[in-house]
Amino acid sequence: MAEYSAFSLLKNALNGHRDWKPAWRKPDPKPSYDVIIIGGGGHGLATAYYLAAEHGVSNVAVLEKGWLGSGNVGRNTTIVRSNYLLPESIRFYEHSMKLWEDLSHDLNYNVMFSQRGILNLAHSPSQADDYIRRGNAMRLGGGDAEWLSPEQIARKVPGVDVSGSARFPVVGGLLQPRAGTARHDAVAWGYARGADRRGVDIIENCEVTGFLRDGDRISGVQTTRGEIRAGKVAVAVAGSTGRVMKLAGIDRLPIESHVLQAFVSESLKPFVDTVVTFGAGHLYMSQSDKGGLVFGGDIDGYNSYAQRGNLPVVEEVMSEMVAMFPALARVRLLRSWGGVMDMSMDGSPIITTGPLPGMYLNCGWCYGGFKATPASGWSFAWTIARDEPHDINAPYTLDRFHRGILIDEKGQGATPRLH
Amino acid sequence: MSGRRIADSGRIDRDRPVDFTFDGRNYSGFAGDTLASALLANGVSLFGRSFKYHRPRGVLTAGIDEPNALVTVLRGAKREPNIPATQLEIYNGLVTESQNRFPSLGFDIGAVNQLGAPLFSAGFYYKTFMGPVIGPLKGTRFWMLCEWFIRRAAGLGRADYEPDTSPYGRMNAFCDVLIVGSGPSGLTAARAAADAGKRVILSELDPVTGGSANWSGETIGGKPSADWAAEETAALAAMPNVRLLTRTHVWGYYDGNTLAALERVGDHLSAPQPGAPRHRHWVIRAGTVVLTTGAFERPIVFPGNDRPGVMLAAAAQRYAAEFGVLPGRRIAIFTNNDSAYHAAAHLSAAGAEIAAIIDTRLTISNGARELAQKAGGELMLGHAVGGTSGSRAISGISVRQVDARGTVSGEATSISADCLAVSGGWSPAIHLASQAGHAPKWDEDLQAFLPPNATQNWIGAGAFVGAATTAEALRGGRNAGLKAAGAMASRAQQAKVDAPELDPHPAPIFEIRATDGKSGKAFVDHQLDVTAEDVRLAHREGFMSVEHLKRYTTLGMATDQGKTSNVPGLAIMAAARGIAIPDAGTTRFRPPFAPVSLGALAAERFGEVKPDRLTPMHDWHVEHGAIMMPAGLWHRPQIYGLSGETLEQAYVREAKAVRQSVGMVDVSTLGKIAVQGPDAAEFLDRVYTNKFSTLPVNKARYGLMLREDGLLLDDGTTWRLGETEFLMTTTTAAAGKVMQHLECLLDVRWPDLNVALTSVSDEWAGTAISGPNARKVLETAVKGTAVDNESLPFMGIVRGEIGGAPVMICRLSFSGELAYEVYCGAGHGTHVWEALLAAGEPFNTLPYGMEALGTLRIEKGHVTGAEIDGRVTARDLYLDWMLSKKKPFVGSAMMDREGLAAEDRIRLVGIVSLDGQPLGGGAHIVESSGREEPRKSIGHITAVCYSPALSKYIGLALVNGGKARHGQRAFTADPLRKRYGPVEIVSHHFFDPDGSRMHG
Amino acid sequence: MIITCPYCGPRDVVEFTYQGDATAVRPDQTSTDQDAWNRYVYDRANPAGKHSEVWQHSGGCRAHLVVERDTLTHAIGVVRFAREKTAKAKAARPAAPAKKAPARKPATKTGARRRAGK
């Protein structure tokens, strides 16, 4: 019988839930592993899970500096979508979407992936053309997308200002019905439990302080809990990539760490059913199952590791909220927080072997990392197990920047704060 | 009204009765009442239903930390959900509703959830609802089905969809010293800083200043503390360098000592004052901040601790002292520290019967004993409340002996009471300090987290730093005020405080448990129904880190942000792990300290977000029937439609007029940058791909700019007005970007170049006049210069006058016709525009809009932002002829990288619709016919129009292979709009490829 | 966050536009060293801690400033005109072309000019 099910829940309810096992063990590190994954966030844990589940590599340790899932997987706006423009992105995020659709079953853990759709509001004819171009690219790439008229939008999302008198009138919207939201923490916990049950050691409060070398090959790590050797060392530390890679002597990368704020309102009865984005600025919002409106906007726009933003962005985001939903002015902001984003130079990630022998690198997620978690872990695991990328992550090399083979969804060039 | 009112005490005004409604019933209270105090006075005990189990809930606190008594305020149709009754000041006509219950607060169907309570353990939803692996409910469908019901059961208040029309305000304030909190320490700090002549802002979240002085019952300086506070406040209010902000909570502590506060200006009024905002968003930049935010009392976790009538001890005291309301007639006290004895004595003096004082400790201070004697009622030391009874309100408690770890045993004594006042010790309100700093420090004696070391410029005082007595608070406040002011001494003398000697140290007891454990639910987070058992379950399942605890159980995630639940929850987890409380860690507090209306934060940009940009001729366009369209921040004429005309008919008519005779279009939105200085030409040679140093004076040249990475940035014409003076034009969309790009290069990379850049986009009005008769129109309109082919050749520049206004004319063409751009001072824009139209009358000169402009440029194959989308190179657009081989320029070193020179890139072509159907912007191009999806896209359409010149639907596209495909047949694929059709790929130079017309 | 512009005085961060790492070295305009150009355009040290970065006072005098800022605490240290720093750096290099004017002057003039021209 599955460890988690309605039946097991009932059974445990009868004895006060005394028999549940920990979701993951708290093992001490072994002296060596086949694979060490640095970073106990969504991507690291997913990588460990797929290494064990898909490639039979279970002698794996995930090393987490703090508490599991303490990075962006635990502080994002939970949006899952694959509404991209460029073929490389569509292929990768569509793969991710397919993994999402069965994730709760695969993990025997309800990650609450809810395909409530994402609606991008367009506010000018030229923006409409851009969105339609993107929607058509999605459809031709095998994804789903629909174009909605202002009338359809008004019916689907009550409260949106579709009046012509709006400062930025809504001329239409791009809907991806299969997109939606998931319970972000549950994704980390589900992957952690899945990996743990397959023999992976998840080691929290274990900070990597250096790399072990065997000639020019990376052969393990020094940590606050001692030396750990490994045949392969994979790095998936998002905003901390710069810090960790410096320990390996990689001083410069095509990445800047920026702070992104996220916001949640007080809990309300159902107000909005889909994820909605405001095209006249930069705003994305949805409503959680608990009832809070979860939303965010632009990054603050300067290098930061502080997990803490500033007031101008708060004001910008709120003004866009009430511009899109004039009724929300009376609703109250409950909490805000900040995450550190590894902003790459073309806005697309890096999932690759190297840059040093024995090392594997996964980074550059900007603020699209959450929805990518399954495909990122899946393809990174493939890359680690086979020492070569899968088709879906083959384009996401580290040398593409120097070679000019860029994947620039926003067309902003080498300006991370604009991606 | 019930007999809960006390004859004469507190801040309420008994001469001003106030009528209001709660759940449709009329009640009356007094001015100064909160909804909570007024309802308590009316004998109401049931205020709301809890989040998960829909259990009946009353009032737990008297302030901003209230987790239970949340209501929805209605103003006409407008709903404002989740307002704590303890914060809501009543006014005549106030209409309120309880929340999260159906059909009524008294009878709530949702209460059946309590039957399922054993199932609804922490995180139960992660373990189920996965649904079947196959069948119609596979994938996410089953979960989404369950979720539909869960979402409707969850949530608190209901927000409506009616636009909020209330005004919101914003204020930027600067001060030397900001004092947050106006209790005894805050008042003395403010006084000390103000006496030193500093600019002081004192903020208080309550309507009245004074904090604990308003209810402590102590005497300060020989006066009742409330009177002392009132006098201190009056003195401060009289000082010109002091600003008092009441009903204001400082909620965010940001970098650079920038603090954000919300002032509730109108919420307490029946009708808002004219001109006054509902809320005001304060951004306060303070030299030094003095944090005197006080402390929150903690409840003790015990079975049945959520029954209406269970209340914090200080809250009960506040209701009596501040609002003249007895929360019960027969009140039991349950505490682990001395402070509750204050409450006991006060409530007793106010007329309540003290049923008993139950203290977990075996010994207490003499001060406490004296207070206990004053209070009366049995003093039960070494005892604890093990349970409560009553249905919708508490009617009694059962008391048992308790050990030092909080385990009760032995015979239970039942005591009848209609109110239980509880104190579990005090937690300093360190939220703002924590936002701006490191992790807080645990104090073993006070059993509380004290503020962390400051990373920003603040000083703390009073209960906020753990001060145990009012005397200590006064001292600390005074010193903090002086330090903040950089002053030595204050004129104000330290007032003497008369208060009983009490022991400030609580017993380290946070939860009361029966050994058997089967004694009913004990709530830690009241609002979200997180029980002590949930915390222990989280521990069993390995969610031990405090962050995991919070996320797994939702402890502390409610609207009160865990003000009453964080520390008890942490203590229970620490006990389960067998470690000390500080080792279990704390979560970092995040802004806001308490909820803030979105409208206030959006104040001033409400519904606007961004400014409007209007050209000098804007009004003329509108008056003459132009349909305006947004272009970035600009508003531009799309068409000047005639009645009954379709969009297409209108722009075709306008474009035809240009090709046949002459038309005019407003091009004032083009970016214009004055490039001046000895090195101006050298600078342009560096930033443009082609040479400008060779450009003769009074000539213009088309230029191309790349980004540093070698991709296209922008194009435009630049005019040489003098040896060292150029006027650069950019596309409308890229104006700002180009200016910043150039300034950065000049300021950061080439400071040795002596060049000045000035944005003059708004200084010049621009009119493009084009068509075979354009020159004839100018000949009539322009004075002071000839405009014939010799005087004004292609790309030539002349200066003259139109209608008496000085103008600068450049002969250049975007439309492919004989065309000129006429620039004049923005102030003359409309005048010159009208003068040109008048001169053009004989030739039926028509104004034309964006659609016609686009049509003309598409026919010519000119590129704009639609093609230059940040991903294309000059080669992609067949503009490589513009890339100078003779000189380096920005991007020249990067533009030849393999990815940018690759053969399979998408490149510019023209397309012609073969089935006579319109083409769709945003459609893709595919090779295979038919409509089945998906198929490989070989490119996409960037611009479309009906071409009057060709009498066909045409477009520009970026297609892989580019030129190589000329003459090929392909198909458009537009699945979104279900449009598919055959096209021929052709050269993008549709019309007059050799340019004879514009050179004519 | 408050940045003290040497020309305008202390101003809120909202008035400034971030222009990134100030340590990135732009190769000489005539350089054909592809690696040097790649490093300049794409590669960043991205330190956790002291960071030297360029901000434009776009809502004020429009001068570019080099700001020393801590990316862990957002604490702001020395702020100076970018052209000063560059000038100094260049001057330090023997091969550098001779400066026209002492560094500070053009900077201040820049400020004044930009103000006049908005």
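Basis of the calculations
- Residues numbered from 1 in each chain as written.
- Chains lettered and ligands numbered in written order.
- Predicted model: local features only at pLDDT ≥ 70, side-chain atom pairs only at ≥ 80, totals over all residues.
- Heavy atoms only, no water.
- Contact = heavy atoms within 4.5 Å.
- Buried area = accessible area lost by both parts, 1.4 Å probe.
- Salt bridge = Lys/Arg side-chain N within 4 Å of Asp/Glu carboxyl O.
- pLDDT = per-residue confidence, 0-100.
- Helix = DSSP H or I, 4+ residues; strand = E, 2+ residues; numbered from the N terminus.
- Buried < 20%, exposed > 50% of the residue type's maximum accessible area, 1.4 Å probe, protein only.
- Pairing = 2+ DSSP bridges.
- Axes fitted to C-alpha atoms, helices over the stretch in contact; angles between N-to-C directions.
- Parallel < 35°, antiparallel > 145°, perpendicular 65-115°, else oblique.
- Left-handed = near helix turned anticlockwise from the far one by under 90°.
- Nonpolar A, V, L, I, M, F, W, Y, C, P; charged D, E, K, R; others polar.
- Polar contact = N/O pair within 3.5 Å; in protein donor to acceptor, adjacent residues only side chain to side chain.
- Phe/Tyr/Trp six-rings, centres within 6.5 Å; stacked < 30°, edge-to-face > 60°.
- Lys NZ or Arg CZ within 6 Å of the ring centre and 35° of its normal.

Now for the interface of chain A and chain B. Taken together, the contact between chain A and chain B spans 116 residues of the former and 123 residues of the latter. Buried area between chain A and chain B, both sides added, is near 10,200 Å², and the carbon and sulfur share of it is 56%. Interface area lost by chain A to chain B is led by L140, R167 and R330 of chain A, which between them contribute 10%. Joining chain A to chain B, the criterion identifies eleven salt bridges.

This part takes up the confidence of the model for chain C. Per-residue pLDDT for chain C has a mean of 80; in total, 71% of the residues score no lower than 70. Confidence metrics for the complex model read pTM 0.95 and ipTM 0.94.

A separate point is unusual backbone geometry. The bulk of non-glycine residues show a negative phi, and the bulk of peptide bonds are trans. In this model, G354 of chain A is joined to P355 of chain A through a cis peptide bond whose omega is 5 degrees. Relative to the helices and strands, P355 of chain A is located in the loop between β17 (350-353) and β18 (359-363). Even without being glycine, D387 of chain A reaches a positive phi, approximately 55 degrees. With respect to the helices, strands and loops of the structure, D387 of chain A is situated in the loop between α10 (369-386) and α11 (400-403). Of the residues examined, D387 of chain A reaches a relative accessible area of 43% and is grouped as partly exposed. If you check the backbone angles, D23 of chain B has positive phi at about 50 degrees while not being a glycine. Along the polypeptide, D23 of chain B turns up in the loop between β1 (13-22) and β2 (25-31).

This part takes up the sheet that holds strand β52 (residues 969-974) of chain B. Across a sheet, strands are paired by hydrogen bonds formed along the backbone, either parallel or antiparallel in direction. On the basis of which strands lie adjacent, the closed barrel formed by six strands has the order β48-β51-β50-β49-β52-β53 (chain B) and antiparallel pairing. Taken over all neighbouring pairs, the strand axes of this sheet differ in orientation by 45 degrees on average, direction set aside. Direction of pairing for β52 of chain B relative to strand β53 (residues 979-986) of chain B: antiparallel, over a ladder of six bridges. Residue pairing across strands places A970 of chain B opposite V983 of chain B, the latter belonging to β53 of chain B. Contacts from helix α5 (residues 125-140) of chain A reach β49 (924-926), β50 (937-947) and β52 of chain B, with the element oriented near 35 degrees to β49 of chain B.

All names here are of chain B. It is at 10 Å that the axes of helix α3 (residues 184-195) and helix α4 (residues 225-237) come closest, and there the two elements cross at 30 degrees. With respect to α4, the axis of α3 lies roughly parallel. α3 and α4 meet at a crossing whose hand is left-handed. Counting all contacts with α3, which are made through P184, L187, T188, A190, R191 and A194, the residues of α4 involved are W228, A229, E232, T233, A235 and L236. When the residues that make up the contact of α3 with α4 are grouped by side-chain class, the tally is eight nonpolar, two polar and two charged.

Attention now moves to the interface of chain A and chain C. Contacts between chain A and chain C engage 26 residues on the former and 25 residues on the latter. Of the roughly 2,300 Å² buried where chain A meets chain C, counting both sides, 51% is carbon and sulfur surface. Contact with chain C buries surface across chain A, with R252, N303 and H402 of chain A losing the most and accounting together for 28% of the total. Summed over the shared surface of chain A and chain C, the result is one salt bridge. Seen at the junction of chain A and chain C, the total is 13 residue pairs in polar contact (both at pLDDT 80 or more).

Helices that pack against each other are described as a pair by the angle of their axes relative to one another and the distance between those axes. Residues and elements named next belong to chain A. Between helix α2 (residues 42-55) and helix α7 (residues 184-197), the least distance of the axes is 8 Å, while the angle of their chain directions is 35 degrees. Two packed elements cross with a definite hand, and for α2 against α7 that hand is left-handed. Only A188, Y191, A192, G194 and A195 of α7 make contact with α2, whose side of the interface consists of L45, A46, A48, Y49 and Y50.

In this section: the pairing of strand β15 (residues 292-303) of chain A. All names here are of chain A. With eleven of twelve residues buried, β15 is to be regarded as a mostly interior element. Two elements, strand β12 (residues 255-267) and β15, share six bridges in a ladder whose sense is antiparallel. The residue of β15 that forms the bridge with F263 is F295. Across four bridges, the pairing between strand β14 (residues 283-287) and β15 is antiparallel. Along β15, the bridge assignment pairs Y284 with G296. Adjacent in sequence and paired antiparallel, β14 and β15 are bridged by four residues, among which G291 carries a positive phi angle near 110 degrees.

Note that N136 of chain A resides in helix α5. Here D974 of chain B takes part through its side chain, which lies 3.0 Å from a polar atom of the side chain of N136 of chain A. Residues within four places of N136 of chain A in sequence aside, it is in contact with G922, A923, H924, A973, D974, P975 and L976 of chain B.

The next subject is the environment of P568 of chain B. Residue and element names in this part refer to chain B. Within the element layout of this structure, P568 appears in helix α12 (residues 566-577). Given a relative accessible area of 1%, P568 falls into the buried group. When the C-alpha positions of P568 and L745 are compared, they lie 58 Å apart, and in sequence the two are 177 residues distant. If near-sequence neighbours (up to four positions away) are discounted, P568 is found in contact with R298, P299, V301, F510 and V524.

Residue and element names in this part refer to chain A. For the coordinates displayed, the defined rule picks out 80 salt bridges over all chains. Across the salt bridge formed by R197 and E3, the nearest N and O atoms sit 2.9 Å from each other. Note that R197 is positioned in helix α7 and E3 in the segment before α1 (6-14), a separation of 194 residues in sequence. A relative accessible area of 24% places E3 in the partly exposed class.

For the coordinates displayed, the defined rule picks out 47 aromatic pairs over all chains. On the numbers, 5.4 Å between centres and 80 degrees between planes, the contact of W24 of chain A with F543 of chain B is edge-to-face. Of the two residues, W24 of chain A sits in the loop between α1 and β1 (32-38) while F543 of chain B sits in the loop between α10 (532-540) and α11 (546-553), which places them in two different chains. We note that W24 of chain A, like F543 of chain B, is buried. Ring centres 5.5 Å apart and planes at 75 degrees place the aromatic pair F302 of chain B and F334 of chain B in the edge-to-face group. Of this pair, F302 of chain B sits in the loop between β16 (295-297) and β17 (310-312) while F334 of chain B sits in strand β18 (residues 330-335), and the two are 32 residues apart along the sequence. Residues F302 of chain B and F334 of chain B agree in their burial class; the two are buried. The residue whose ring lies beneath R57 of chain B is F523 of chain B, and the NZ or CZ to ring-centre distance is 4.7 Å. Above the plane of the ring of W20 of chain A lies K127 of chain B, whose end atom (NZ or CZ) is 4.2 Å from the centre.

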